[in-house]
Amino acid sequence: MNLNSKIPAGPLAEKWTKYKSTIPIVAPNNKRKLEVIVVGSGLAGAGAAASLGELGYAVKCFTFHDSPRRAHSIAAQGGINAAKNYANDGDSIHRLFYDTIKGGDYRAREANVHRLAECSVQIIDHCVAQGVPFAREYGGLLENRSFGGVQVSRTFYARGQTGQQLLIGAYQSLSRQISLGTVEMFNRHEMLDLVVVDGKARGIIARNLITGEIQRHAAHAVILATGGYGNVFYLSTNAMMCNVTAAWKSVKKGALMANPCFTQIHPTCIPVSGEYQSKLTLMSESLRNDGRVWVPMKKEDAQAIQNGKLKGANIKEEDRDYFLERRYPAFGNLVPRDVASRAAKVECDKGHGVSPTGLAVYLDFSEAILRYGKMEANKQGMANPSKEQLIVLGEKVISDKYGNLFEMYEKITGENPYKEPMKIYPAVHYTMGGIWVDYNLETNIPGLFATGECNFSDHGANRLGASALMQGLADGYFVIPYTIGTFLANDISTPKIKNDLPEFLEAEKATKAFIDKLLNIKGNQSVESFHRRLGKIMWEYCGMARNEAGLIKGRQMIRELREEYYRDVFVPGTNDEYNPELEKAIRVADLMEHGELMMLDALDRNESCGGHFREESVSEDGEALRNDADYAYVAAWAWDENNPVLYKEPLIFENVELKTRSYK
């Protein structure tokens, strides 16, 4: 198979502008004849459905939630990047492009990333016009803050609720199109198969999650916007309903899964506290603007904290190791997520962790509280304020900036982060791998497109903070409305696709048969227990650190777990009813197959890059050791249960110099 990325010719900064002006488009009168299915209602899905509806296409949008507003984009906290240079600190489209390429450890396409940087400028203006309440400075201008892996302030935010506010804006646009009739919304419907007719994606099989009805839906093209697969690890910052099913069913119909081993471990999460947990809670990366990361310098102090005999606030300044500032002085606490996560793991592995499990480090705001307190005292003309007065003033500033995050932390942990430093530890957050797409966001199956976290295209081996929202909105609002025309322009004479074609009937039959198979196993173990076991295997052998022996063992363990699953899982109820256990059973079956492919991809990529850290590839100072000579490619896998096939798309860098990342 020849992987044609379809990157336009010409200078990098001009590719997208020229391409938009020359690609085939569909006339307004012809758009009304064409139907498009959008699966997913997050920022990428809602943005695509609303935009295509506005253009005149007949759109069907599917979500397994009871409302599009429940999509997981709502959970994003910290912000969204844009190269506006409002802070006048040297930012530019090129700098955002370069930071993203470097942050992804040179494992993303230059052309896609530059387009993302270009679109970022439009995104902010678009969202402001929608009424998104971004934070503003005292003069009314939009406020910015910094995120990891950059040395400028380019992140726009709405306290710690940026994803929620952006999704409400997208939902408004989507609702308008629903009311106009250009978008037909299917809530509580889940895609269970892709229908391919004559080599083109022409529809989906969906299950009504309330009634269990299996439905056939046809269209001229299908857009997937179904998020990532982080729940393969069971414990992650994703909602429990997040899954890989829609993407994986497409892979089993011939789509390629690219770079599945590229997983983001976020350094700023509330640590695991017990076996009862089903998910983890993210503390926004924005907290690292003012919070300082440290562990006790003395191992005995760490042990005392672990045993509950000492508190972090009682450790003297000279006995604290601000290890990120020590190891990476140029970026300090704002190093990229993969770098910060590994550094925290190193300190905890040495025995300096600060939770009962030993798997936590501190994120401390005491210095920031005093600093802001002094600034406020100066503004108010206070002479010789006491330390207590400064703390009161500083806490008010911190509360205004991060209040909801601090409240969330206290509710979950029972500790007051204004008085005691937060405890944080890395956890699975985002997946950079996803369905392979070309420059048009079209997969190797004509007519099947993938947007947002569902595709692989923009983040390389490590996503920079505040770039997920940027990609979702760019793909939905500003890319797919143009590029889908490259496919649909050839379909204006194609009549409405019928859903009673043999391919639809066959896919429906196969879906029903698979559901019956699960329901009829009648074993002794719950779906949840298998999911938890899968997650432990993934975290142990394909988590923050990976090695050849562990990956071989992990893959075999997953294969054995899958065999046991189809022998002994118990799925209660029937298909013809609301049955969340059946929903979960289908998703976990797909996660197990995808987990095996992740192990295989990680085993094949014998280098360390970004979040993929192979213990065999480490520099003398403990950093990731990339191998550009052998692995500067996109690994695109065709799934075969017995023999997955790897296709390689070489990554060509003409505008940036390939070099070892340094944040020192």
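Residues numbered from 1 in each chain as written. Predicted model: local features only at pLDDT ≥ 70, side-chain atom pairs only at ≥ 80, totals over all residues. Heavy atoms only, no water.

Participant: Even after reading the chapter, I still don't get the side chain of Ser-67, so can you show me in this structure?
Facilitator: Structurally, Ser-67 can be placed in the loop between strand 2 (58-62) and strand 3 (80-81). What Ser-67 contacts, discounting residues up to four positions off in sequence, is Tyr-171 and Asn-187. (Helix = DSSP H or I, 4+ residues; strand = E, 2+ residues; numbered from the N terminus. Contact = heavy atoms within 4.5 Å.)

Participant: Sorry, what's going on with helix 5 (residues 110-130) here?
Facilitator: Owing to its 3.6 residues per turn, the α-helix brings residues three or four apart onto one side. Under the 1.5 Å per step criterion, the end-to-end length of helix 5 is 30 Å for 21 residues, consistent within 8% with the ideal 30 Å. Counting buried residues along helix 5, 15 of its 21 residues qualify, which places the element largely inside the surrounding structure. (Expected span 1.5 Å × (residues − 1). Buried < 20%, exposed > 50% of the residue type's maximum accessible area, 1.4 Å probe, protein only.)

Participant: How should I be thinking about the nonpolar core in this particular structure?
Facilitator: What tends to happen in soluble globular proteins is that the nonpolar side chains get buried as a cluster. Residues Ile-80, Ile-484 and Tyr-565 are the most contacted members of the largest nonpolar core, which totals 183 residues. Here the element with the most residues in this core is helix 18 (residues 580-604); it accounts for 12 residues. Not counting residues within four places of it along the chain, the set of residues in contact with Ile-80 comprises Ile-123, Ile-124, Phe-134, Arg-154, Thr-155, Phe-156, Thr-162, Leu-166, Ala-466, Leu-469, Met-470 and Leu-473. Counting seven residues, the second-largest nonpolar core is a separate cluster that includes Ile-305, Ile-315, Val-354 and Ala-360. (Core = buried A, V, L, I, M, F, W, Y, C linked by side-chain atoms within 4.5 Å.)

Participant: So what exactly am I meant to see when it comes to helix 15 (residues 502-519) here?
Facilitator: For helix 15, which comprises 18 residues, the first-to-last C-alpha distance of 26 Å matches the rise-based estimate of 26 Å (1.5 Å per residue) to within 8%. Those residues of helix 15 that fall on the buried side of the exposure criterion are Phe-504, Ala-507, Glu-508, Thr-511, Ile-515, Leu-518 and Leu-519. The buried residues of helix 15 occupy an angular sector of 110 degrees when projected down its axis, which confines them to one face. Among the exposed residues of helix 15, those oriented more than 90 degrees off its buried face are Pro-502, Glu-506 and Lys-509. Looking at the buried positions of helix 15, the neighbouring elements they touch are strand 6 (189-197), strand 7 (200-208), strand 8 (214-218), helix 17 (548-568) and helix 18. (Arc of directions from axis to C-beta.)

Participant: Looking at this model, I keep getting lost on the pattern of salt bridges. Mind explaining?
Facilitator: Following the criterion strictly, the structure yields 53 salt bridges and no others. Residue Arg-562 is joined to Glu-596 by a salt bridge in which the shortest nitrogen-to-oxygen separation is 2.9 Å. One end of the pair, Arg-562, is in helix 17; the other, Glu-596, is in helix 18, and 34 residues separate them in sequence. A salt bridge links Arg-562 to Glu-641, with the shortest nitrogen-to-oxygen separation between them at 3.6 Å. Pair noted here: Arg-562 is in helix 17 and Glu-641 is in the loop between strand 18 (633-638) and strand 19 (645-650), with a separation of 79 residues, a long-range link. Taking the relative accessible area as the measure of exposure, Glu-641 reaches 41% and is therefore partly exposed. Within this structure, Asp-105, Arg-107, Asp-338, Arg-342, Arg-605, Glu-607, Arg-626, Asp-628 and Arg-661 form a network of salt bridges that share partners. (Salt bridge = Lys/Arg side-chain N within 4 Å of Asp/Glu carboxyl O.)

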